[in-house]
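Structural features, examined
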Amino acid sequence: MTEDRVAESWGYTEISVQKFSYSWTISNFRFLLQEIGEAIKSPTFSSGSSDNDKWCLKVWTNGIDEDSKDYLSVHLTLSPVWARFQFSIRSGDREKTNGMISPRFFKFTPNQHWGFKKFIHRDLLLSLESWLLPDNELTVFCDVDLAVQDSLINSEDSTVPGFLVPRCTMADDLGQLWENSLFTDCILVVAGQDFGAHKAILAARSPVFRAMFENDMEESRKKRVEILDLEPQVFKAMMEFIYTGKAPDLHSMANAVLAAADKYGLERLKVLCEDALCRDLSVENAAHTLFLADLHGAGQLKTKALDFITAHASEVSETSSWKKMVGSHPHLLAEAFSSLASAHRSLLEPPPKRFKQS
């Protein structure tokens, strides 16, 4: 009889996406455009997630091959990781333009690089010289989404060679408790619908639910909680996150999920909503996004919204949401003007003089 072998350790691998940016300015660029045929390399830089990852940008002023000889080619090179990247040129008014984003994540290994061999046509670059080459300088801006793998082992490398360690299914198992209403001990009522839930899980994940069940409140005694201010779709997205820790589908409802995450103290979900709203920033919704960020204490989103409004001030000020905000939330108008004034000062003020050392 064959005896089933039981794994003596377990492992869990989580893939998270970390973001970082790098700006590289090349002086006397017109000379390089005319005279240099080989690649120009930036200083090496790090993502900050590890001391070992060293990155580098490369620019070919005459293209990387015959097919791209009339273009600038821009590539990202080095570190052995998976990453998605976007290149853009920072213009004289500090706006990013001519952005090109990779269609997927690419694997980077030493001495390998990925990028766009037809990043921008040189004739177009020179025709916009006063805008894209202020003071005869080219500034290439690189945004990177970095896939990072974190592996947690609970057995101090005691796994016997040949043993297969199954993946951790905790999130899936807890998700099944929610999906199938198994062993529930409380009822959450949303828009007249009853949803079975587990007080221990709710209390462990949300400080608001914990306080609700710890105190001698009516909800704790009756084991029935009325959720009055959430739509069922938003409630389900929040509960999926509470039980599994996985980001729900935030498409078209990040605003409402942000409000729910703020109310129930789900900080990670709140930041995920901030990220989704930031990616969706536009001239039309910038003012409303600033209002939401201020209302729910979403600091990162508020900073991004102010930066966006500063960069597109004339267009945003013509939108109906901006005009509505001006009348109802004047303190946000003051913050936007302060951000705009600060940006203008940084552009107009000369750099500080260096003191001679004695």
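Residues numbered from 1 in each chain as written. Predicted model: local features only at pLDDT ≥ 70, side-chain atom pairs only at ≥ 80, totals over all residues. Heavy atoms only, no water.

Re the overall build of the chain
Heads up, the rule is: Per the convention used, a helix needs a DSSP run of H or I reaching at least four residues, while a strand needs a run of E reaching at least two, with both numbered from the N terminus. The buried label goes to any residue with under 20% of its type's maximum accessible area, the exposed label to any with over 50%, and the partly exposed label to all in between, with areas taken from a 1.4 Å probe on protein chains only. We call two residues in contact whenever any of their non-hydrogen atoms come within 4.5 Å of each other. Only the protein chains shown count as cover for residues, and the accessible areas themselves come from Shrake-Rupley with a 1.4 Å probe.
Regarding its fold elements, the chain presents 15 helices and 12 strands. The 358 residues of the chain split such that 36% are buried. Within the chain, contacts between residues at least 6 apart in sequence are counted, and of these 63% link residues at least 24 apart. For the chain, the accessible surface area stands at approximately 21200 Å², while carbon and sulfur atoms represent 52% of it.

What to know about the nonpolar core
Selection rule: Side-chain atoms within 4.5 Å are what join buried Ala, Val, Leu, Ile, Met, Phe, Trp, Tyr and Cys residues into a set we call a nonpolar core.
Counting residues in hydrophobic clusters, the biggest one holds 37 residues, and the most contacted among them are Leu-202, Phe-209, Phe-235, Met-238, Met-239 and Ile-242. Elements that contribute at least two residues to this core include exactly strand 10 (186-190), strand 11 (193-197), helix 5 (199-205), helix 6 (207-214), strand 12 (224-227), helix 8 (232-244), helix 9 (254-263) and helix 10 (267-279). Here the element with the most residues in this core is helix 8; it accounts for eight residues. Listed in part, the 31 residues of the second largest apolar core include Phe-20, Phe-29, Phe-45 and Leu-138.

Quick look at the environment of Ala-191
Looking at where Ala-191 falls in the secondary structure, it is placed in the loop between strand 10 and strand 11. In this structure, the C-alpha to C-alpha distance between Ala-191 and Leu-230, residues 39 residues apart in sequence, is 7.9 Å. Every residue in contact with Ala-191, bar those within four places of it in the chain, is listed here: Ile-227 and Pro-232.

So, the pairing of strand 11
Side-chain direction in a regular strand flips from residue to residue, so the side chains alternate between the two faces of the sheet. To be explicit about the condition: For two strands to be treated as a pair, DSSP must find no fewer than two bridges joining them.
Relative to strand 11, strand 10 runs antiparallel, the two being bridged by five bridges. Each residue of the ladder has a partner; that of Leu-188, found in strand 11, is Phe-195. Joining the antiparallel neighbours strand 10 and strand 11 is a turn of two residues, in which Ala-191 adopts a positive phi near 50°.

Focus: the environment of Gln-86
By secondary structure assignment, the location of Gln-86 is in strand 5 (residues 81-90). By relative accessible area, which is 28% here, Gln-86 ends up partly exposed. Distance in space between the C-alpha atoms of Gln-86 and Gly-115 is 8.8 Å, their sequence separation being 29 residues. If near-sequence neighbours (up to four positions away) are discounted, Gln-86 is found in contact with Gly-99, Met-100, Ile-101, Phe-141, Cys-142 and Asp-143.

Structural notes on unusual backbone geometry
For Ser-181, which is not glycine, the phi dihedral falls at a positive 50°. Position of Ser-181 among the secondary structure elements: in the loop between helix 4 (170-179) and strand 10. The phi dihedral of Ala-191 is positive, around 50°, even though this residue is not glycine. Since its relative accessible area comes to 56%, Ala-191 is described here as exposed.

Some details on helix 10
Under the convention used in this document: Expected span of a helix, by definition, is 1.5 Å for each gap between consecutive residues, and there is one gap fewer than residues. It is the directions from the helix axis to the C-beta atoms whose arc is reported.
Under the 1.5 Å per step criterion, the end-to-end length of helix 10 is 19 Å for 13 residues, consistent within 8% with the ideal 18 Å. All of the buried residues in helix 10 are Leu-269, Lys-270, Cys-273, Glu-274 and Leu-277. Along the axis of helix 10, the buried residues cluster in a sector spanning 145°; they form a single face. Where helix 10 is buried, its residues contact helix 8, helix 9 and helix 12 (299-311).

Some words on the packing of aromatic side chains
For clarity, the threshold we go by: Planes of paired rings set the category: under 30 degrees apart is stacked, over 60 is edge-to-face and the rest tilted, where pairs are Phe, Tyr or Trp rings (Trp by its six-membered ring) whose centres lie within 6.5 Å.
Tallied over the full model, the rule gives 11 aromatic pairs. Taken together, a centroid distance of 5.4 Å and an interplanar angle of 35° make the contact between Phe-85 and Phe-87 tilted. Among the residues examined, Phe-87 registers a relative accessible area of 0% and is labelled buried. Judged by centre distance (6.1 Å) and plane angle (25°), the ring pair of Trp-178 and Phe-195 falls under stacked.

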